[in-house]
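The lines below spell out each chain.
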Protein chains: 4
Amino acid sequence: MVNKIKVGVIGATGMIGQNYLRLLYNHPWFDVVFLAASPNSAGKKYADAVAGRWHMENDIPAEFRDIIVEDAGKVDKAVGKCRLVFSAVEMDKKAILALEEEYAAKGFAVVSNNSAHRHTADVPVMVPEINDSHLDIIPQQRKQRGWKQGLLVVKPNCSIQSYMIPLYALIKAGYPVDKMIVTTLQAVSGAGYPGPASIDLIDNINPYIGGEEEKSEVEPLKILGKIAGGKVINDGSIKISAHCNRVPVSDGHTACCSIKFAGKKPAMDEVISIWRNFTAVPQELKLPSAPVPPIIYRDELDRPQPNKDRDAGNGMAITVGRLRPCNVFDYRFVGLHHNTVRGAAGGAILTAELLMAKGYMK
Amino acid sequence: MVNKIKVGVIGATGMIGQNYLRLLYNHPWFDVVFLAASPNSAGKKYADAVAGRWHMENDIPAEFRDIIVEDAGKVDKAVGKCRLVFSAVEMDKKAILALEEEYAAKGFAVVSNNSAHRHTADVPVMVPEINDSHLDIIPQQRKQRGWKQGLLVVKPNCSIQSYMIPLYALIKAGYPVDKMIVTTLQAVSGAGYPGPASIDLIDNINPYIGGEEEKSEVEPLKILGKIAGGKVINDGSIKISAHCNRVPVSDGHTACCSIKFAGKKPAMDEVISIWRNFTAVPQELKLPSAPVPPIIYRDELDRPQPNKDRDAGNGMAITVGRLRPCNVFDYRFVGLHHNTVRGAAGGAILTAELLMAKGYMK
Amino acid sequence: MVNKIKVGVIGATGMIGQNYLRLLYNHPWFDVVFLAASPNSAGKKYADAVAGRWHMENDIPAEFRDIIVEDAGKVDKAVGKCRLVFSAVEMDKKAILALEEEYAAKGFAVVSNNSAHRHTADVPVMVPEINDSHLDIIPQQRKQRGWKQGLLVVKPNCSIQSYMIPLYALIKAGYPVDKMIVTTLQAVSGAGYPGPASIDLIDNINPYIGGEEEKSEVEPLKILGKIAGGKVINDGSIKISAHCNRVPVSDGHTACCSIKFAGKKPAMDEVISIWRNFTAVPQELKLPSAPVPPIIYRDELDRPQPNKDRDAGNGMAITVGRLRPCNVFDYRFVGLHHNTVRGAAGGAILTAELLMAKGYMK
Amino acid sequence: MVNKIKVGVIGATGMIGQNYLRLLYNHPWFDVVFLAASPNSAGKKYADAVAGRWHMENDIPAEFRDIIVEDAGKVDKAVGKCRLVFSAVEMDKKAILALEEEYAAKGFAVVSNNSAHRHTADVPVMVPEINDSHLDIIPQQRKQRGWKQGLLVVKPNCSIQSYMIPLYALIKAGYPVDKMIVTTLQAVSGAGYPGPASIDLIDNINPYIGGEEEKSEVEPLKILGKIAGGKVINDGSIKISAHCNRVPVSDGHTACCSIKFAGKKPAMDEVISIWRNFTAVPQELKLPSAPVPPIIYRDELDRPQPNKDRDAGNGMAITVGRLRPCNVFDYRFVGLHHNTVRGAAGGAILTAELLMAKGYMK
């Protein structure tokens, strides 16, 4: 039994904030006691602040309805109330950079969904099954920035989980990957609310998502990188090229992947075996949100599919299928994950659990 | 002014047959005078034979409604009535092989949508903008098979037109392509009727289309091949790897392509210029169905899109966009075409027009 | 704690059969021990019999995978194995009539999803919140047919639950309804598998579902009827007119209703209060599948909606909203229910629970 | 041959404005010479003003690309340039009321898509096949307001055309209608751009469209009204109740209608005959946009459908089907029309043609 710690959500009224609350409801380790948003919402009960724009399938959990929303920009409001804040604020990049640092400076552990700090050298971009060791940078981060108890970590873009975890499983098993070409078919919930207009996705797909391809190519390099000199140094051994499409699917990002190994390639059945047996630190530490197994390989020819596989492992598992030889590279496969759970709030909560299990919440 | 020739459609009641009739209505060179289908339909007026299963947006053209449908298996019924037949029969492969040859043996020019003869050595797989010269095999085909006036040509699978024509334009301009990895997002009409169940594509995509990837990889090699010794010899210089997905779109196949050139690569603006200036024999011969231009390059970041671009050039043009460097190969781009027009009946009609313009209908 | 009874599913491999297994998994009162289907499936393990055509979101529950499927037509196979069978066989009407009677004659309680027996005079059409008292016909049914332990009850069509339960709540509260005009927007899962073709429902709706309007108008009269002389006598006091449409929604039927009371009408807030306070025998008996409350009235202007409300009460609740005056009748409202749960297998399971709680399983 | 008159579009950059330009391109009677929009767009070429937000399927017609957009609020900019303006401005109601009157006062014929003036007593709400005679109010309108050449007419809401024209055909044939209950299934393009979010209509319908039911019930009364004392007096003989739903369809509003006649009812075949033979002043005057016939009755059980029937009569015809008896009223039927053509810009252009043919453009 863990002693629960008190947490807050800043940017609690937006779609990602709502997903945080949905997933933090009844969480065994975290008690949500602090909600903050824009000055418009400040002073209102949470239920009133999101009236007419609560987009989750289930209703607002009763225990959050009456919490008075604070102004996220007034960091002192959170002091003494919670130990960790999940950040889902929607502001311009510069404002987010400053605000998240301010929370950390005031002693909060900050786990952020925003892209703002993903390229900050001493801020790790966390996929707990891959780079749990990047949390080792925290002492240096604190020292460099003069933070006592505060810390700042971020989660990566929602497009990459369906290929990065399977890819990493192969790398970890001794088969480094040299090149990857990936085409994603991404759900509309990845664009926040309102996201794409119906008229643009009825009987249609959109082959362009601004900024998404760059994130899908560059963020993996940091996640696979090494810590040195108080910085995360990007991996330089893998090249990724991404085509990102928006498709008329509510939740669940699909990735069609072709990969080439750097050295010798494992046999097909070995690849499947590596995926099926893959386990990592979150599973070993029995983190509450860690899916067991983290990777599900399906034998059916026509899987994974968004509406059948996105909820696997409570939305935290990666489902992989269709492993087959590639005419140009070594292998092809299809990966899928739930973009608003594993790819967003769920991934951040798993990171917070890892922080706690590793003792950074003391 | 061309003297119209009389044509027939065998397999006229199925979805591809219906598309033929839709596109042949008011055709300036061809008069549809013969319709044949399965024995069930034989003896009925066409309108009665398709009652309750006419799937085109517009009604059955009035001039076809009262044509009495014949049994497609009784080739003699067509003799004396028409010079060319479009084949869209739905039978097992062996039966199609035999039936199409029987029509050719009886003196008909046969232009087929079926995959059955695509790997027959002396039967060219035609994309008129690419391999019009493959029709040169016809004299040898006739000689080898003892056909006098008959001939047999086929069109390729509907998944490849959106990348093959842009690819060929580059090859023709002196930039041979070494490798290509392509992911297609294919419309449901490509699966015929009824095709995928609604329940399987509402809020979903399907990452698997049986046999489609093999066709998408192999057929291009024949189209790019050379005639020698009375055979079409597959091209051996390009490698293609395809991921084929079914998406909830009615018409219009999209292809996300990454290509690597065999030698030096053209600059981006040269690529665009090559595409925009590409023209080929169908355009030079002013074939009625030849789109002018055959390739449309769009500058908008978010194009091509199925519901905006599939009807370009009356459904016969290829729309290309998003040319950009590839992290792994040389370039990436997105291509799109109308799968039931350019990719099926329209492509076959263009081939028939080419046969006529080149004098094979005499 | 109830002693579990053993049950079977006949027609276990079809889509309704699969829904039964999904919902009977871990059921507190019923143990599934017998599965039967067509002769094709007989002798196979269940998992093999449905390989490639299991359409539920979650995988086949492990405990059912290895059950050997029997031939549903061989009733003796079930004898000694179970006490109750859920019928979801797909055969012609005459064959279903005979087969279900044969199971009842052999001593089984038969709870059927089929429409075949819905107009059989001594077979009640059950919506447990409305006509639990119709089970009183069972002693007469047994006597008339010479059945000892057997019995036969059916559930109604999936289109009516979203309006019948709210309607009945008003009738029960003393406000008989004279007339109702209802337009349904029905999900594709209501059509079984494969159901409508994608190409027919992408960017489209279909204003016709064969036989659905008749069922939606007539079955309510039997449900609201009285037992007399060993028969269910249809209610003659209410007139219903239905327009049934198929819409591109996976699950969840919506009904837009206009009603006119026979006598005086309750005030709007009284209607809402009646619905919110409605409870019935299944709730009083604490049947495991009985939703509490059975009717959820939502105040938001834009509810109910299929993807937000279909899972309310584990798919067994009826969600109602938009109560407002009608220019022509008295009131308008919108009702919604999950068609494959409340409207099909779930409704049948609730009926079986009612049979058990009322002592008919002894 | 008519002498073309010069026209303008105010609010030319929005979605309705774009539809105007699409439909006015190559119009035989009207030359578009003046485009105006908000001050933001003023001074730009039209193509630049709509860059990135042109939502029509085809590209901007070349002849409009270089027209310099004016500020719609500066009415003098239009003086001397055109005789008639189509109004699609998006402003608050009060501002629209004033601006449209100012254009009329300056001598322009104003044909408006806005709802602002629909309840102004001396402004007729036009459906040319129904109330062409309401244009007779124009001399009184001019007199009352002191306008010389100016005039102001509006088109009704896009939800009503599919039932109002069939209804009127019956009334005109001598069968007045007493009551109607209608449920609409409305396309997303009716909501303008961006309209509903994808996430809200994937696997979903929305049973609420703000203000739509009121418009659908009240506007018909004015259209069916009489002119007296310089006002349009609403019809008081028919009662309409409407349920309006948003469905995942791009274009095409469907209406499920139940009607009760005031007196005796025609036989079913007479109803169909009335619809099929219906013709009105726009057809008699051979207005360029008048569909011939205006009402298409289809015998197929499953028609009309949005993606098959919306383009009938170039989007200007009403397609009706499924006439059948109603259990509660006399008859039921389904009507469909293209909401952005007949229901919006196309209906307004037809009204402008009627104004011209009747001599009001002199």
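A. Geometry of the sheet that holds strand β5 (residues 109-112) of chain B. All names here are of chain B. One open sheet holds the 6 strands; their spatial order is β3-β2-β1-β4-β5-β6, and the pairing between them is parallel. Every other strand in the sheet has two partners, leaving β3 (70-71) and β6 (151-154) as the edge strands with one partner each. Two strands pair when backbone bridges link them, and β5 and β6 are joined in this way by 4 bridges, in the parallel orientation. Each residue of the ladder has a partner; that of Val110, found in β6, is Leu152.

B. The arrangement of the interface of chain B and chain C in detail. Contact residues are listed per partner, giving 14 residues for chain B and 15 residues for chain C. A breakdown of the residues in the side of chain B that touches chain C according to their chemical character gives 9 nonpolar, 4 polar and 1 charged.

C. View of the environment of Gly225 of chain D. Residues and elements named next belong to chain D. Tracing the backbone through its elements, the reader meets Gly225 in the loop between α9 (212-223) and β8 (226-228). Each C-alpha atom of the pair Gly225 and Pro124 lies 9.7 Å from the other, and the pair is 101 residues apart in sequence. Other than its neighbours up to four places away in sequence, Gly225 contacts Val232, Ile233, Asn234 and Asp235.

D. Broad picture of the relation of the copies chain B and chain C. In screw terms, the move from chain B to chain C is a rotation of 180 degrees and a rise of 0.0 Å along the axis, fitting with an RMSD of 0.0 Å. Taken together, these values place the two copies in the relation of a two-fold axis. Proximity to the rotation axis, assessed at the C-alpha, singles out Ser198 of chain B in chain B; its C-alpha lies 2.0 Å from the axis. A shared binding surface is used by both copies, with 100% of the interface residues of chain B retained as interface residues in chain C.

E. Layout of the interface of chain A and chain B. Counting residues at the interface gives 35 residues for chain A and 35 residues for chain B. Broken down by secondary-structure element, the contributors of at least two residues to the side of chain A that touches chain B are β7 (177-186), β10 (239-246), β11 (253-261), α12 (306-309) and β14 (331-337) of chain A. Per element, the largest residue contribution to the side of chain A that touches chain B is 5 residues, and it comes from β10 of chain A. Among the residues making up the side of chain A that touches chain B, the classes are represented as 16 nonpolar, 12 polar and 7 charged.

F. Quick peek at unusual backbone geometry. Going from Arg303 of chain C to Pro304 of chain C, the amide bond is cis rather than trans, its omega being 0 degrees. For Pro304 of chain C, the location among the structural elements is in the loop between β12 (295-298) and α12 (306-309). Even without being a glycine, Lys286 of chain A presents a positive backbone phi close to 50 degrees. With respect to the helices and strands, the residue Lys286 of chain A is situated in the loop between α11 (281-284) and β12 (295-298).

G. Spatial organisation of the domain arrangement of chain A. Residues and elements named next belong to chain A. If you check the domain split of chain A, you get domain 1 (5-157 + 345-357) and domain 2 (161-337). Of the residues lining the interface, 31 residues belong to domain 1; the matching set on domain 2 comes to 26 residues. Mapped onto the side of domain 1 that touches domain 2, the elements with two or more residues apiece are α5 (128-131), α6 (138-145) and α13 (341-357). Each residue belonging to the side of domain 1 that touches domain 2 can be placed in one class, and the counts come to 15 nonpolar, 10 polar and 6 charged.

H. Highlighting the packing of helix α7 (residues 161-172) of chain D against helix α10 (residues 268-277) of chain D. All names here are of chain D. Two numbers describe how α7 lies on α10: the axes approach to 9 Å, and their chain directions differ by 110 degrees. Taken together, α7 and α10 sit at an angle that is classed as roughly perpendicular. Contacts between α7 and α10 involve Pro166, Ala169 and Leu170 on the former and, on the latter, Val271, Ile274 and Trp275. For the contact of α7 with α10, the class distribution of residues is 6 nonpolar, no polar and no charged.

I. Summary view of the relation of the copies chain A and chain B. You can overlay chain A on chain B at an RMSD of 0.0 Å; the transform is a turn of 180 degrees with a shift of 0.0 Å along its axis. Interface overlap between copies: 100% of the residues of chain A at the interface are likewise at the interface in chain B, consistent with a symmetric, same-surface contact.

J. Quick look at the sheet that holds strand β10 (residues 239-246) of chain C. Residues and elements named next belong to chain C. What the 6 strands build is an open sheet, ordered β10-β7-β11-β14-β13-β12; its pairing is mixed. Because the sheet does not close on itself, it has two edges, and the strands there are β10 and β12. Put simply, the sheet's adjacent strands are angled 20 degrees from each other on average, direction ignored. The sheet contact formed by β12 and strand β13 (residues 318-325) spans 4 bridges and is parallel. When the bridges of β13 are listed, Ile296 appears paired with Thr319. Against the sheet, helix α7 (residues 161-172) touches β7 (177-186), β11 (253-261), β12, β13 and β14 (331-337), its axis set at about 130 degrees to β14.

About the thresholds
- Residues numbered from 1 in each chain as written.
- Chains lettered and ligands numbered in written order.
- Predicted model: local features only at pLDDT ≥ 70, side-chain atom pairs only at ≥ 80, totals over all residues.
- Pairing = 2+ DSSP bridges.
- Helix = DSSP H or I, 4+ residues; strand = E, 2+ residues; numbered from the N terminus.
- Contact = placed C-beta atoms within 7 Å.
- Nonpolar A, V, L, I, M, F, W, Y, C, P; charged D, E, K, R; others polar.
- Least-squares fit on C-alpha atoms with pLDDT ≥ 70 in both.
- Domains from an automatic or database assignment.
- Axes fitted to C-alpha atoms, helices over the stretch in contact; angles between N-to-C directions.
- Parallel < 35°, antiparallel > 145°, perpendicular 65-115°, else oblique.

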